[in-house]
Structures are given as C-alpha cells and as structure tokens.
Amino acid sequence: MASKRDLKKSINKLTFELISECFSYKAFHPKKKHNKTDAAMANILKTRNELINKINHPIAKEDYKKNRTYYREVIKDQKDMVSVMDTLA
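Residues numbered from 1 in each chain as written. Predicted model: local features only at pLDDT ≥ 70, side-chain atom pairs only at ≥ 80, totals over all residues. Heavy atoms only, no water.

Caption draft 1: Inspection of the packing of helix α1 (residues 4-28) against helix α2 (residues 35-56) at higher detail. For the pair α1 and α2, interaxial distance at closest approach is 10 Å and the crossing angle is 175°. What the angle tells us is that α1 and α2 run roughly antiparallel. Here Lys4, Leu7, Lys8, Ile11, Asn12, Thr15, Leu18, Ile19, Cys22, Phe23, Tyr25 and Lys26 of α1 come into contact with α2, specifically with Thr37, Asp38, Ala40, Met41, Ile44, Leu45, Arg48, Leu51, Ile52, Ile55 and Asn56. Tallied by class, the residues present in the contact of α1 with α2 amount to 14 nonpolar, four polar and five charged. (Axes fitted to C-alpha atoms, helices over the stretch in contact; angles between N-to-C directions. Helix = DSSP H or I, 4+ residues; strand = E, 2+ residues; numbered from the N terminus. Parallel < 35°, antiparallel > 145°, perpendicular 65-115°, else oblique. Contact = heavy atoms within 4.5 Å. Nonpolar A, V, L, I, M, F, W, Y, C, P; charged D, E, K, R; others polar.)

What follows is the structure, given as structure tokens:
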C-alpha cells in the first residue's frame, strides 16, 4: 500500500487533470450549454473532498486487514472519478 501522502497527491493530481479537461472542453465548445460540464466539475470536487476525508479518518486504525481493504476501496473510488468525463460527450 502506498503512503497516505502519496495517495493524497495522486488524488489531487487526478482532480487537477479532470478539472483542466473540463475547462478545455468549455473552451473548445463555446456554443454548447455547459450545465453538464459544471455539474461534472462539482461532482469531481465533491468526490475529491470525500476521498481526502476518508484517508484522513480511517474506520479501523489498529486492524491491518480492515485498513488494507479500506484503502483499496479508496483507490477504486479514485479510479471511478474518471467515469465522470463520460457524461460530457
């Protein structure tokens, strides 16, 4: 398992990339209404905040196996953040 610090860095990096993609989409499609894009950005930021909160406050601190599965779920949720971009097309 990666350290919490590295996990937070990767979440922040992914969030930055997704938000910049949303802004690029808005710039290259000026005639479209951007309700979906704005909703996608809000969803990305909400998910980011939830994931950082999960990392900062784990459920079971002493139990190694529970922590391992808990952080694997956080990593899975991080990978699911990318699926938000499918709603823009």
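Picking up where we left off.
Caption draft 2: Representation of the packing of α1 against helix α3 (residues 64-80) in the model. Between α1 and α3, whose axes approach to 11 Å, the crossing angle comes to 15°. Our classification of the angle between α1 and α3 gives roughly parallel. Both α1 and α3 take part in a crossing whose hand is left-handed. Contacts from Lys4, Leu7, Ser10, Ile11 and Leu14 of α1 reach α3 at Tyr71, Val74, Ile75 and Gln78. (Left-handed = near helix turned anticlockwise from the far one by under 90°.)

Caption draft 3: Focus on the pattern of salt bridges. Evaluation of the coordinates by the stated rule reveals three salt bridges. Its salt-bridge partner being Asp38, residue Lys26 comes within 2.8 Å of it at the nearest N-O pair. One end of the pair, Lys26, is in helix α1; the other, Asp38, is in helix α2, and 12 residues separate them in sequence. Of the charged contacts, one joins Asp80 and Lys76 as a salt bridge, the two residues approaching to 3.7 Å between their closest N and O atoms. (Salt bridge = Lys/Arg side-chain N within 4 Å of Asp/Glu carboxyl O.)

Caption draft 4: Just α1, in detail. Look at α1: 36 Å from first C-alpha to last across 25 residues, which is about the 36 Å you get at 1.5 Å a residue. Of all the positions in α1, only Leu7, Ile11, Leu14, Thr15, Leu18, Ile19, Cys22 and Tyr25 are classed as buried. In this fold, the buried residues of α1 make contact with α2 and α3. (Expected span 1.5 Å × (residues − 1). Buried < 20%, exposed > 50% of the residue type's maximum accessible area, 1.4 Å probe, protein only.)

Caption draft 5: Highlighting the nonpolar core. Leu7, Ile11, Cys22, Ile44, Ile55, Val74 and Met81 are the most contacted members of the largest nonpolar core, which has 19 residues in total. Breaking this core down by element, the ones donating at least two residues are α1, α2 and α3. Among the elements that take part in this core, α1 stands out by supplying seven residues, more than any other. Not counting residues within four places of it along the chain, the set of residues in contact with Ile44 comprises Thr15, Leu18, Ile19, Cys22, Met81, Val84 and Met85. (Core = buried A, V, L, I, M, F, W, Y, C linked by side-chain atoms within 4.5 Å.)

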